Amino acid sequence: MAFSRRDFLKYAAMSAGGTMLAESSFFSARARERKEGGKVRYVPTTCEMCFWKCGVIAKVVDGKVVKLEGNPLHPQSRGRLCGRGQGGIGLLYDRDRLKVPMIRTGPRGENRYRQASWDEALDFVAGKLKEIAAKHGPEAVALFAHGSPGTYFNNLVRAMGSGNVAYPSFSQCLGAREVAWELTFGQGPNSTCERVDLANSRVIVLFGTHLGENMHNSQTQEFAEAVGRGAKIICVDPRYSTAASKASMWLPIRPGTDLALLLTWINIIIKEGWYDREYVEKYTTGFEELKEAVARYTPEWAAQETDLPMRDIIEAVRELGRYAPNVILHPGRHFAWHGNDVQRGRAMAIINALLGTWGRPGGIWLPPKVNLPAFSETPEHPEANNDPVVFGDYPFAGGEGLTQLLRETTITGDPYPIKAWFVAGTNLMKTLPKPELTRKAIDNLDLLVVVDVMPTDTVMLADVILPEATYLERHDGLFTITTREAGVAIRQPAIEPLYQSRPAWWIGSELCKRMGLGQYAVKDSWEARMRRQAKKWGIDYDELADTGYISLPGSATPYITADNQPVFNTPSKKIELVSSELEEEDFDPVPRYEPVEQPKRGEYRLLYGRSPVHTFTRTVNNQWLWELKKENEVWLNADEARRLGVRNGEIIRLENQDRVMSEPVRVRVTERIRRDCIFMIHGFGQDSPVMTRAYNRGADDQNLITRYKVDPICGSTGMRVNFVKIVKEA
Ligand code: MGD
Ligand code: SF4
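Residues numbered from 1 in each chain as written. Chains lettered and ligands numbered in written order. Predicted model: local features only at pLDDT ≥ 70, side-chain atom pairs only at ≥ 80, totals over all residues. Heavy atoms only, no water.

Structural notes on unusual backbone geometry
Next up, step 1: Residue Ala-324 is joined to Pro-325 through a cis peptide bond whose omega torsion reads 10°.
Next up, step 2: Position of Pro-325 relative to the elements: it lies in the loop between helix H14 (310-323) and strand S12 (327-329).
Next up, step 3: Of the consecutive residues Gly-477 and Leu-478, the connecting peptide bond is found in the cis state with omega at 0°.
Next up, step 4: Within the secondary structure, Leu-478 is located in strand S16 (residues 476-482).
Next up, step 5: Phi is positive for Arg-659, which is not a glycine, with a value near 65°.
Next up, step 6: With respect to the helices and strands, Arg-659 occurs in the loop between strand S22 (651-656) and strand S23 (665-670).
Next up, step 7: Despite not being glycine, Asn-696 shows a phi value in the positive range, around 65°.
Next up, step 8: Position of Asn-696 among the secondary structure elements: in the loop between strand S24 (677-681) and helix H25 (701-704). (Helix = DSSP H or I, 4+ residues; strand = E, 2+ residues; numbered from the N terminus.)

Here's what the structure looks like:
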């Protein structure tokens with residue numbers, strides 16, 4: 001039997017206040033069109049301006065998308081979109097969009113291309129791939145990807161027999177966090193959307209997580225609601241972030257010393273008895289060993305190390321204890337900071353475990369139950385021809401592959417040559433630390449194919465540029481969305497692809513056919529495939545296309561009850577306060593503090609972060625969002641500015657420890673940051689002249705990240721290990 005809208009209504013009505021919810025949040029594109037007399041079309045789909053996967057409703061008038069709204073049925077958007085979500089129209093109609101396939105005609109980096117037909121471009125790519133695979137083996141073909149386009153090239157590369165696939169979302173983002181939580185709870189806090197029950201939290205602790213600036217729609221909505229109903233916010237951040245401005249306590253920690261604070265908190269929680277005895281006894285292992293290991297981390301010592309008042313260190317953790325278990329120490333998101341990040345994540349996970357937040361209201365909700373049958377229409381991929389290089393010697397590198405290893409092997413050719421890269425949905429030149437190595441690797445390639453929507457820095461180094469249709473012009477998915485409940489969402493085109501752009505599924509599929517791998521191609525169309533998938537899942541596809549999201553009845557089981565016990569997929573089947581897996585691999589089974597390098601006199605640690613209206617580099621050329629924020633600034637502490645004689649708004653440059661100089665950038669003099677660091681928003685400083693709005697606007701933090709520190713446990717690249725000086729412009 002298919003789940004339908006009627007089932008959804010019935011299900012919603014069963015929950016508290018459900019009738020209201022069902023009536024007020026009902027959405028049907030077809031009903032709305034009928035009401036408006038059929039002059040306009042409403043198309044429910046899924047946003048990809050970032051990776052939160054909000055439900056969007058596109059209003060189309062005379063074949064033009066004129067408005068984007070949040071889908072009220074969809075739990076990620078709850079009827080609203082963030083600024084970037086609304087700005088999707090700016091991407092669709094960006095004058096600088098990639099419009100046609102192109103083949104490079106001049107030296108790499110000189111922006112000389114000629115237009116090609118799809119047949120010519122695809123034949124060219126397939127011919128080159130065959131040549132490279134014949135000469136070096138299929139493992140010489142690699143993929144870097146982020147977001148949904150990667151799926152289709154992952155299929156191609158693996159069908160060829162290469163396992164060399166890597167995603168910056170692991171090594172440069174949240175890999176260390178996921179690994180830390182998997183080692184502790186046997187499961188990560190969910191990479192699409194953290195399972196944080198902010199709606200019911202009484203105390204929310206944020207370690208550098210700048211909610212509101214790092215904009216994730218439903219999470220920010222819940223955070224705002226929590227602030228509104230008086231939840232206590234404790235913000236540990238060297239910068240007085242927007243979230244800190246809502247906090248009852250701001251702890252301006254010395255960067256790099258978070259683990260000292262966390263271990264001290266563990267010590268206080270145990271010593272003062274704030275932990276949940278019953279919970280710890282029932283669900284955890286290693287308590288006594290943990291207690292002994294953290295006894296040396298005293299508040300006096302932590303105050304010295306972190307540069308925080310001892311009174312605040314103690315008061316903050318007592319506040320958590322008072323309201324436990326309805327509290328949360330947020331797991332964070334961009335986690336690749338100092339190269340010791342798994343252990344920082346472990347300490348955060350351990351505090352949540354001691355306070356009993358996993359499976360408790362206001363803490364970490366339990367994953368919803370999803371029992372959808374596996375669906376595939378293509379054969380299993382063959383075994384990789386040669387061991388992939390993307391996991392290196394890191395025992396917990398995860399399944400996603402380490403980008404910097406792929407880059408390194410491309411440069412050295414050791415253990416074998418890598419000669420072709422597909423790059424889909426990621427701007428590697430601005431994403432990987434030490435960009436000169438990215439360029440060096442690219443110069444070693446025989447083929448660089450970039451599938452993108454905008455002519456970014458990486459695109460403009462490609463041999464072949466393949467223009468993808470934007471998310472408003474293509475089918476993708478089906479997506480399973482797991483929030484407190486599980487549901488299924490759709491991405492479908494609001495309009496036909498503009499210019500000669502094509503969806504990634506089509507590009508990948510055409511390449512499979514040309515490579516003689518037709519069995520891995522899409523049989524007919526992605527929409528037809530989605531229909532078959534929906535049928536297998538028992539979902540009414542037409543209902544889904546009409547509403548954009550269908551929830552799976554009975555999937556929500558967020559809290560521990562007598563009949564809903566948590567499952568911990570660790571070796572001991574318990575929460576591992578002392579990690580048996582780390583011990584087995586000769587790592588510290590309990591996190592141990594080691595100081596990180598601090599800036600020398602006259603230097604500042606380079607910190608970077610997000611703007612609420614931009615996602616990395618993907619939005620900086622978008623007219624709507626560019627109007628809101630055209631360039632970044634360097635946040636500099638007011639006392640330091642006075643000392644250096646730098647005025648607010650003055651143009652300066654930053655010079656890093658390796659004498660790399662930034663583009664000119666404006667200073668924002670502020671009391672809202674510590675004296676030993678500066679902060680800038682990531683994503684600006686585009687070098688591609690064909691991104692006409694973003695070109696040369698602001699400064700690129702990545703240029704200054706010429707050093708990184710690799711986490712020995714999972715191989716992610718800590719990037720907050722660079723120091724800069726302020727250089728005044730003549
Ligand atoms: P972007 O730089 O936004 O992010 O790294 P990336 O995923 O590389 O590049 C996205 C690319 O996708 C752009 O080229 C854009 O045009 C393209 N794109 C957008 N929509 C589509 C589409 O529909 N189809 C296709 N084919 N392409 C599309 C993010 C990564 O960066 C992450 S996850 C983190 S957390 C790190 N953050 C970070 C940082 O904060 N500072 C520094 N210095 N480096 C960082 N690197 C990491
Ligand atoms: Fe789109 Fe904003 Fe949702 Fe991200 S958070 S998916 S940009 S609406």
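Quick look at the nonpolar core
Next up, step 1: Within the largest apolar cluster, 83 residues are counted, with the highest numbers of intra-cluster contacts made by Trp-265, Ile-266 and Leu-354.
Next up, step 2: Counting residues per element, this core draws most heavily on helix H10 (residues 258-271), at 10 residues.
Next up, step 3: In contact with Ile-266, other than residues within four places in its own chain, are Leu-290, Val-294, Ala-347, Ile-350, Ile-351 and Leu-354.
Next up, step 4: Counting residues in hydrophobic clusters, the runner-up holds 55 residues, among them Phe-422, Ala-424, Leu-466 and Leu-517. (Core = buried A, V, L, I, M, F, W, Y, C linked by side-chain atoms within 4.5 Å. Buried < 20%, exposed > 50% of the residue type's maximum accessible area, 1.4 Å probe, protein only. Contact = heavy atoms within 4.5 Å.)

Observations concerning the pattern of salt bridges
Next up, step 1: Evaluated as defined, the whole model comprises 61 salt bridges.
Next up, step 2: Here Arg-177 makes a salt bridge to Glu-194, at a shortest N to O gap of 2.7 Å. Residue Arg-177 is found in helix H8 (residues 168-185), and its partner Glu-194 is found in the loop between H8 and strand S8 (203-207); the two are separated by 17 residues along the sequence.
Next up, step 3: Taking relative accessible area as the criterion, Arg-177 reaches 0% and is therefore assigned buried. (Salt bridge = Lys/Arg side-chain N within 4 Å of Asp/Glu carboxyl O.)

Details of the site of ligand 2
Next up, step 1: Lining the immediate surroundings of ligand 2 are Cys-47, Met-49, Cys-50, Trp-52, Lys-53, Cys-54, Leu-81, Cys-82, Arg-84, Gly-85, Met-215 and Asn-217.
Next up, step 2: Considering only residue class, the shell around ligand 2 consists of eight nonpolar, two polar and two charged. (Near = heavy atom within 4 Å. Nonpolar A, V, L, I, M, F, W, Y, C, P; charged D, E, K, R; others polar.)

A short note on the site of ligand 1
Next up, step 1: Taken together, 27 residues are adjacent to ligand 1, and His-146, Thr-426, Asp-452, Glu-468 and Thr-617 come closest.
Next up, step 2: Contacts to ligand 1 include Asn-427, whose backbone N or O atom sits 2.8 Å from an oxygen atom.
Next up, step 3: Within the side chain of Thr-617, one N or O atom sits 2.6 Å away from an oxygen atom of ligand 1.
Next up, step 4: Look at ligand 1: alone it shows 920 Å² of surface, and the protein chains cover 98% of it.
Next up, step 5: Every element with two or more residues in the shell around ligand 1 is listed here: H8, strand S14 (447-452) and H25. (Polar contact = N/O pair within 3.5 Å; in protein donor to acceptor, adjacent residues only side chain to side chain. Areas by Shrake-Rupley, 256 points an atom, 1.4 Å probe, with all protein chains shown as cover.)

Examining empty space enclosed by the protein
One simple way to see leftover space: roll a probe sized like a water molecule over the atoms.
Next up, step 1: This structure, assessed with the given rule, holds seven cavities of 30 Å³ or more.
Next up, step 2: Each pocket or cavity is described by its volume, and for the largest cavity that value is around 580 Å³.
Next up, step 3: Taken together, 35 residues line the largest cavity, and the ones lying closest to its centre are His-146, Gly-425, Thr-426, Phe-616 and Arg-618.
Next up, step 4: Tallied by class, the residues present in the lining of the largest cavity amount to 14 nonpolar, 14 polar and seven charged.
Next up, step 5: Around the second largest cavity sit 17 residues that line it, and Gly-208, Asp-237, Pro-238, Leu-607 and Arg-720 are the ones nearest its centre. (1 Å grid on protein atoms, 1.4 Å probe; cavity = no way out; pocket = protein on both sides within 12 Å on 5 of 7 lines; lining within 4 Å. Points joined across faces, edges and corners; volume = space filled by probe spheres on them.)

Quick notes on helix H13 (residues 299-306)
Next up, step 1: Where H13 is concerned, the buried positions are Pro-299, Ala-302, Ala-303, Glu-305 and Thr-306.
Next up, step 2: For H13, the elements touching its buried residues are H10 and H14.
Next up, step 3: Phi turns positive one or two residues past the end of H13, at Asp-307, with a value near 65°.

A closer look at the sheet that holds strand S3 (residues 64-70)
Next up, step 1: In space, the three strands of this open sheet follow the order S1-S2-S3, with antiparallel pairing throughout. With partners counted over all chains shown, the strands left at the sheet margins are strand S1 (40-46) and S3, one partner each. Each strand of the sheet is rotated relative to its neighbour by a mean of 25°, with strand direction disregarded.
Next up, step 2: Sheet topology note: the strand S2 (residues 55-61)/S3 ladder contains six bridges and is antiparallel. In the sheet register, Ala-58 faces S3, and the bridge partner there is Leu-68. (Pairing = 2+ DSSP bridges. Axes fitted to C-alpha atoms, helices over the stretch in contact; angles between N-to-C directions.)

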